[in-house]
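These are the residues of each chain, in order.
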Amino acid sequence: MKKSLVALAALAVAGVASAQSSVTLFGIVDASISGTTTKFADGSKASSTRLDNSGYNSSRLGFRGTEDLGGGLAASFWLEAGLSNDAGGAGSGSVTGQLFNRRSTVSLSGGFGEIRLGRDYKPTFWNNTVFDPFGTNGQGTNVLQNVVGTTTGVGALAFDSDNVRQSNTVGYFLPPNLGGFYGQVQYGFDEKTKYTDGLPPAGADTRSGDYVGGRIGYANGPLDVALSAGQGTIGSSYYAGYNDENFTWNAGISWDFGFMKLFGEYGSYELKRTYDPSYLADVKRTAWGGLVGATFPVGPGLIRASYSYARLEDFPVANDPSAQKFALGYVHNLSKRTALYATVAYVDNKNGMPLGLNGAVTAGTPDSSYGYDFGIRHSF
Amino acid sequence: MKKSLVALAALAVAGVASAQSSVTLFGIVDASISGTTTKFADGSKASSTRLDNSGYNSSRLGFRGTEDLGGGLAASFWLEAGLSNDAGGAGSGSVTGQLFNRRSTVSLSGGFGEIRLGRDYKPTFWNNTVFDPFGTNGQGTNVLQNVVGTTTGVGALAFDSDNVRQSNTVGYFLPPNLGGFYGQVQYGFDEKTKYTDGLPPAGADTRSGDYVGGRIGYANGPLDVALSAGQGTIGSSYYAGYNDENFTWNAGISWDFGFMKLFGEYGSYELKRTYDPSYLADVKRTAWGGLVGATFPVGPGLIRASYSYARLEDFPVANDPSAQKFALGYVHNLSKRTALYATVAYVDNKNGMPLGLNGAVTAGTPDSSYGYDFGIRHSF
Amino acid sequence: MKKSLVALAALAVAGVASAQSSVTLFGIVDASISGTTTKFADGSKASSTRLDNSGYNSSRLGFRGTEDLGGGLAASFWLEAGLSNDAGGAGSGSVTGQLFNRRSTVSLSGGFGEIRLGRDYKPTFWNNTVFDPFGTNGQGTNVLQNVVGTTTGVGALAFDSDNVRQSNTVGYFLPPNLGGFYGQVQYGFDEKTKYTDGLPPAGADTRSGDYVGGRIGYANGPLDVALSAGQGTIGSSYYAGYNDENFTWNAGISWDFGFMKLFGEYGSYELKRTYDPSYLADVKRTAWGGLVGATFPVGPGLIRASYSYARLEDFPVANDPSAQKFALGYVHNLSKRTALYATVAYVDNKNGMPLGLNGAVTAGTPDSSYGYDFGIRHSF
């Protein structure tokens, strides 16, 4: 239904002309009853039960459209807001009023590919979601994603303020039909004012927000394989004289045997604080990890399973903290648009990794965590 | 028009299949010129004139839809934002970014009834709006609602942060066609982390947000009668050792004589601060009140009239504060979607009840207030 | 496409009845790569490159509709949100949660004209946008608009917190078909509480928000000419005893020769701080300026050019600061909905005018600025 909603009315008005022109209202409302229990080193436990959102697919509400410009050219737009439908929230970006926090773009596309302007996914995000049986949602997702999103408490630095999206970008996408090859590059403007002399009159942050990344892959028959990398400045202080740059790369592969689809991914996150005046030693932090997983179609449903591992290196602790996660789930499709789902997951921490499952506490010294999602995903 | 907007396009695409499937854009824009004058004990007056919203029906913008899953099952979603259309605002919940503050749910329904997940109305809200000729909008609404919404200044405790809705809930609704019987129950998760030992490592609020409520009623022919009750924790402090729990119940009835429809409602709000360690005496506050009202259809219009009374008990003041309100209004329907309306109301305070009409000041010692709404309600 | 989106579905349902009834989803997504360089008095430079929005037309997402009430009467609504699509933002009013910051109104219209309630454009805004080849968007817009929006640093007072729109208004518009004459008046409620005695118990601001304005014009054949004026209170302090009132007026004219359209506008902004108790001398600030411009259609494109001038008077500086701007641009229409555009502009400051182009710094002593927009505008 997605692709057609308002298209019909438009067509009816436009008469014959542009069969590809359309404006579409679309969305997902996904809610789950989720519970998590974390066991601490001293044997005590902390647990919570919640009504959560986005346990299977991210809840969203969006507006998008395409206009056929003739000659193979098309213009299109995409405005997509995240939903915290358990409590009525919409949009959740770090910028106040960032309603269309998931995607906000305008594009020109044709035989040459697509040029896309605005807020969009980073190229390195796609391997994380495509090559994980649990995508990037719910308690089953790759433990490396949890680590990168929650490593406060071990070292002072966070790997990224947003591992998924970038604002103020220009992106280029290869055209489809390159025999299975696909690819994209993205450049993000930091939009900071650059001065030709002395101190900046206002604002100490001179670079954060810049970004460059890319992804290349090949999908044909049962195979899908892709590699991506990106580099950005996530913090910058003119007066303290440093820049925080992160470098991310990952590679993923999947093979569909029909009765089973296998998944594998490896990813690495590196953060470097570089002091311009060099009076302080540079600081480095690394996180890396991987995942193997599989899905099995069973009638109208899908069984999902994965094992993932993540490790922190270069942190100021005696031994490298690490964590592993086991996840198992089942999705029961009531229709193409509506599914019931259940997921269970277990995380095991080593060497002080302060990780709970989604929504669990990470203060104290969590030893292990287990949790579940039981929910409904309805798309429109 | 509401039920059909985008449905047609969907149908046209889907071909024959699912006649019940639809996605709908809907809303109300209601604006009024409203004025209020409050007379104080010393004879002075305070008055204001405003462009207000929602004087007859609450302004809103929403998206909702239903998918027929076959076999009597259906999935549906409902995302509804409040509008402050006088100044361009949308959403007004207490949580920042709570755009869909009015309702944000996903449901599965069938012969068994409906299971609904998300942010929704409390069961106890419905009697307040259904059994009041003025609903819960504008200057004419039941004075008990004004009291419960504004009792700061008399005692230190507020009855509820939100008398209308609850986030993070699971609800169950009886199916229709039970010979006129209807009913619902609702459970709200507090989502707080529970610890098996000692002090919580972070967060002092261990229970606020939990809720349980229900409503049962019977509507047949001219009669509609219903009873509802609910209990929730609205404040909680681990360190100070108390929980603030409210208990609300109400009952309403209406009888439609054709030329006239009669309304009656009684409601009670109780707040208890319970100290866990029992070293402090528990604290209790009570508000109760009732309403009698009537509507008279006159051609394309409707005359509305009501008398309501509210009283505070168990407050630390010499005499129980009370207030009564007289309200009279007329709604002139230009069409099913568009109406002009006018309401006048008068509130009389006793024993220090600090109540003004909607939008009026309540500081000082207001003796009485009168006010009017004159507006237009347009729905789509 | 705008006028029809959801209309069709409605029609199909309503059957024959109301051909004019419709609900429409509409919008614009406009993104540009923009750069600005400011040269300071000491020869140093500051520059930035950005992904900007709204360089040609303001990005927006809206919902509007009209219901035919019969007998020439119609009811309608208009909810329009601004978009900062470069970073996913929506709504940008000064009030938190003001999603529909661009317009939020409900109207009743007929042979008598239109009565409109809500948040709407000030009458004085229209001449600024209609009689400028660059409208009020991008780096080419009338330098007087830039001055009025950025005059901090010269004198302590700002001319207006919002030069474009007013909340809580009642507006009246003349009907069309008056032989080319058009006009409107607007009244804005301050909504402040007025007291009949002594000090206000709460709130020191007793008047800000009040507004009255109007516009009258004549458009026939190649000619369009209009005059507008408005007066409002933008600041008020009961305790400090002053009111800040602004008075704005402007006049514009355009003549379409076919191969070329000529534009001219003159505008004046005056701010007066009036001390009620008269123990302090009143303060006055003035800004005035004008524009001449032209557009030239060339095939599917449009060349745009303008020269504008702005001057500050009555400021506590030795010489009146002034600025002039030269702007040149080209719009290439790929279709009625989609256009590519490029604009270059140069601003020259005199006597300490602290003005940069859009997005440029104004701290220090900027001598001159130049900049460009290169973007795409897609409407739906």
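Quick caveat, the model's predicted, so the values are computed rather than measured.

Visitor: Hey, could you run me through the overall build of chain A in this one?
Guide: In terms of regular secondary structure, chain A is built from three helices and 19 strands. Burial statistics for chain A: of 380 residues in total, 56% are counted as buried. Within chain A, counting contacts between residues at least 6 apart in sequence, those at least 24 apart form 59% of the total. For chain A, the accessible area works out to roughly 14,700 Å², and carbon and sulfur atoms hold 59% of it.

Visitor: How do you make sense of the relation of the copies chain B and chain A when you look at a structure like this?
Guide: Both copies of the chain are related by a screw-like operation: a rotation about an axis and a shift along it. The operation relating chain B to chain A is a screw motion whose rotation component is 120 degrees, with 0.0 Å of axial translation and a residual RMSD of 0.0 Å. Look at the turn and shift together and you get a three-fold axis relating the two. An asymmetric contact is evident, with only 7% of the interface residues of chain B recurring at the interface of chain A.

Visitor: What's the story with the interface of chain B and chain C in this structure? I'm lost.
Guide: Interfaces are often described in size by the accessible area the parts lose on coming together. The interface of chain B with chain C comprises 38 residues on the first partner and 40 residues on the second. In this assembly, chain B packs against chain C so that about 3,300 Å² is buried in total across both faces, 73% of it on carbon and sulfur atoms. Viewed at the interface, chain C and chain B are joined by zero salt bridges. Applying the counting criterion to the chain B and chain C interface returns eleven residue pairs in polar contact (both at pLDDT 80 or more). Secondary-structure elements contributing two or more residues to the side of chain B that touches chain C are β1 (22-40), β2 (45-53), β3 (60-70), β5 (89-90), β18 (338-350) and β19 (366-379) of chain B. The dominant element in the side of chain B that touches chain C, judged by the number of residues it contributes, is β2 of chain B, at eight residues. Within the side of chain B that touches chain C, the residues separate by chemical class into 21 nonpolar, eleven polar and six charged.

Visitor: What exactly am I supposed to notice about the pairing of β1 of chain B here?
Guide: Every regular strand shows the same layout, with side chains that alternate between the two sheet faces. Residue and element names in this part refer to chain B. Most of β1 sits inside the fold, with 17 of its 19 residues counted as buried. Direction of pairing for β1 relative to β3: antiparallel, over a ladder of seven bridges. Within β3, the position partnered with I28 by the bridge is R60. Where β1 and β19 come together, 13 bridges link them in antiparallel fashion. Directly across from T37, in β19, lies its bridge partner Y370. Taken together, the nine bridges between β1 and β2 define a ladder with antiparallel strand orientation. Residue pairing in the sheet places S34 in a bridge with R50 of β2. Linking β1 to β2, which pair antiparallel, is a turn of four residues; within it G43 sits at a positive phi near 90 degrees.

Visitor: Please clarify how the packing of aromatic side chains should be interpreted in this entry.
Guide: Where two aromatic rings form a pair, the distance of their centres and the angle of their planes describe that pair. One pass over the structure, following the stated rule, counts 54 aromatic pairs over all chains. Taking the centre distance of 5.9 Å and the plane angle of 65 degrees together, the rings of Y242 of chain A and Y275 of chain A count as edge-to-face. Pair noted here: Y242 of chain A is in strand β13 (residues 242-256) and Y275 of chain A is in strand β14 (residues 261-275), with a separation of 33 residues, a long-range link. Each member of the pair, Y242 of chain A as well as Y275 of chain A, is classed as buried. With 6.4 Å between their ring centres and 50 degrees between their planes, F257 of chain B and F259 of chain B make a pair best called tilted. A connected cluster of aromatic rings, assembled from ring pairs, spans F63 and F100 of chain A, F63 and F100 of chain B together with F63 and F100 of chain C. Its end group placed over the ring of F315 of chain A, R285 of chain A keeps NZ or CZ at 5.2 Å from the ring centre. It is R64 of chain C that lies over the ring of W78 of chain C; its NZ or CZ is 4.7 Å from the centre.

Visitor: I'm lost on the environment of A31 of chain A in this one. Help?
Guide: Here A31 of chain A lies in strand β1 (residues 22-40). Remark: the alpha-carbon pair of A31 of chain A and G213 of chain A, spanning 182 residues in sequence, is separated by 33 Å. Contacts of A31 of chain A, omitting those with residues within four sequence positions, involve D52, N53, N85, Y341, G375 and I376 of chain A together with V106 and L117 of chain B.

Visitor: Can you walk me through the pattern of salt bridges in this structure?
Guide: Between side chains of opposite charge, a pair can form when the charged atoms approach closely. Taken as a whole and judged by the stated rule, the model has 42 salt bridges over all chains. One salt-bridge network, in which partners are shared between bridges, spans R103, E114, R116 and D120 of chain A.

Visitor: So what exactly am I meant to see when it comes to the relation of the copies chain B and chain C here?
Guide: Expressed as a screw operation, the relation of chain B to chain C combines 0.1 Å of axial shift with a rotation of 120 degrees, fitting to an RMSD of 0.0 Å. When you check the interface residues of chain B against chain C, a mere 5% turn up at the interface there too, and the two sides of the contact use different surfaces.

Visitor: Got a minute to help me understand the nonpolar core in this structure?
Guide: Looking at soluble globular proteins, one finds that nonpolar side chains tend to be buried together. Residues F63 and F100 of chain A, F63 and F100 of chain B together with F63 and F100 of chain C are the most contacted members of the largest nonpolar core, which totals 66 residues. Not counting residues up to four positions away in its chain, the partners in contact with F63 of chain C are F63 of chain A, L25, L61 and F63 of chain B together with T24, L25, F26, F77, W78, L79 and F100 of chain C.

Visitor: Any chance you could explain the confidence of the model for chain A here in plain terms?
Guide: A low pLDDT score tells you not to read the predicted coordinates there in detail. Residue and element names in this part refer to chain A. Residues with a pLDDT of 70 or more make up 87% of chain A, whose mean pLDDT is 88. For residues 1-20, every residue scores under 50 in pLDDT, and the model assigns this stretch 41 contacts once sequence neighbours within four places are set aside. Across the assembled chains, the prediction reports ipTM 0.92 with pTM 0.93.

Visitor: Sorry, what's going on with empty space enclosed by the protein here?
Guide: Rolled over the atoms, a probe with the dimensions of a water molecule shows which regions are left empty. Summed over all chains, the structure comprises eight cavities of 30 Å³ or more. If you go around the largest cavity, you meet 19 residues; those closest to its centre are L99 of chain A, F63 and L99 of chain B together with F63 and L99 of chain C. The set of elements that each furnish at least two residues to the lining of the largest cavity consists of β3 (60-70) of chain A, β3 and β4 (73-84) of chain B together with β3 (60-70) of chain C. Residues of the lining of the largest cavity, tallied by class, amount to 19 nonpolar, no polar and no charged.

Visitor: Mind showing me how you'd approach the environment of P321 of chain C here?
Guide: Take P321 of chain C: it is sitting in the loop between β16 (301-313) and β17 (322-333). Residues P321 of chain C and G43 of chain C lie 278 residues apart in sequence; the distance between their C-alpha atoms is 20 Å.

Visitor: What's the story with the pairing of strand β17 (residues 322-333) of chain B in this structure? I'm lost.
Guide: All names here are of chain B. In terms of strand pairing, strand β16 (residues 301-313) meets β17 through eleven bridges, oriented antiparallel. Note that in β17 the partner of A305 across the bridge is L328. Across twelve bridges, the pairing between β17 and β18 is antiparallel. By the bridge assignment for β18, L328 is matched with V344. Connecting the antiparallel pair β17 and β18 is a turn made up of four residues.

Visitor: Hey, could you run me through the interface of chain B and chain A in this one?
Guide: Counting residues at the interface gives 41 residues for chain B, matched by 39 residues for chain A. The junction of chain B with chain A conceals about 3,300 Å² of combined surface from both sides, 73% of it contributed by carbon and sulfur atoms. When the area that chain B buries against chain A is broken down by residue, the three leading residues are E67, V106 and F189 of chain B, summing to 15%. Where chain B packs against chain A, one counts zero salt bridges.

Visitor: I would appreciate a short explanation of unusual backbone geometry in the present structure.
Guide: A negative phi angle characterises most non-glycine residues, just as the trans form characterises most peptide bonds. Residue and element names in this part refer to chain C. In this structure, E191 is a non-glycine residue whose phi angle is positive, near 65 degrees. Residue position: E191 is located in the loop between β9 (181-188) and β10 (194-195). For E191, a relative accessible area of 23% puts it in the partly exposed group. Although it is not a glycine, N351 sits at a positive phi angle of roughly 55 degrees.

Visitor: Sorry if this is basic, but what is going on with the environment of R119 of chain C here?
Guide: Residue and element names in this part refer to chain C. Relative to the assigned elements, R119 resides in strand β7 (residues 113-121). Take R119: its relative accessible area is 6%, and that puts it in the buried class. Between the alpha carbons of R119 and R285 there is a distance of 27 Å; along the sequence they are 166 residues apart. Polar contacts involving the side chain of R119 include one to the side chain of S167, which spans 2.8 Å.

Visitor: I tried to follow the side chain of R304 of chain B on my own but got confused; where do I start?
Guide: Residues and elements named next belong to chain B. Locating R304 in the fold gives a position in strand β16. It is D132 that comes nearest to the buried, bridge-free R304 among opposite-charge side chains, at 6.9 Å. Side-chain polar atoms of R304 contact the backbone oxygen of P133, separated by 3.1 Å. Excluding its chain neighbours within four sequence positions, the residues that come into contact with R304 are Y56, P133, F134, A294, T295, A327, L328, G329, V331 and T343.

Thresholds, definitions, all that
- Residues numbered from 1 in each chain as written.
- Chains lettered and ligands numbered in written order.
- Predicted model: local features only at pLDDT ≥ 70, side-chain atom pairs only at ≥ 80, totals over all residues.
- Heavy atoms only, no water.
- Helix = DSSP H or I, 4+ residues; strand = E, 2+ residues; numbered from the N terminus.
- Buried < 20%, exposed > 50% of the residue type's maximum accessible area, 1.4 Å probe, protein only.
- Contact = heavy atoms within 4.5 Å.
- Areas by Shrake-Rupley, 256 points an atom, 1.4 Å probe, with all protein chains shown as cover.
- Least-squares fit on C-alpha atoms with pLDDT ≥ 70 in both.
- Buried area = accessible area lost by both parts, 1.4 Å probe.
- Salt bridge = Lys/Arg side-chain N within 4 Å of Asp/Glu carboxyl O.
- Polar contact = N/O pair within 3.5 Å; in protein donor to acceptor, adjacent residues only side chain to side chain.
- Nonpolar A, V, L, I, M, F, W, Y, C, P; charged D, E, K, R; others polar.
- Pairing = 2+ DSSP bridges.
- Phe/Tyr/Trp six-rings, centres within 6.5 Å; stacked < 30°, edge-to-face > 60°.
- Lys NZ or Arg CZ within 6 Å of the ring centre and 35° of its normal.
- Core = buried A, V, L, I, M, F, W, Y, C linked by side-chain atoms within 4.5 Å.
- pLDDT = per-residue confidence, 0-100.
- 1 Å grid on protein atoms, 1.4 Å probe; cavity = no way out; pocket = protein on both sides within 12 Å on 5 of 7 lines; lining within 4 Å.
- Points joined across faces, edges and corners; volume = space filled by probe spheres on them.
- Lys, Arg positive; Asp, Glu negative; His and termini not counted.

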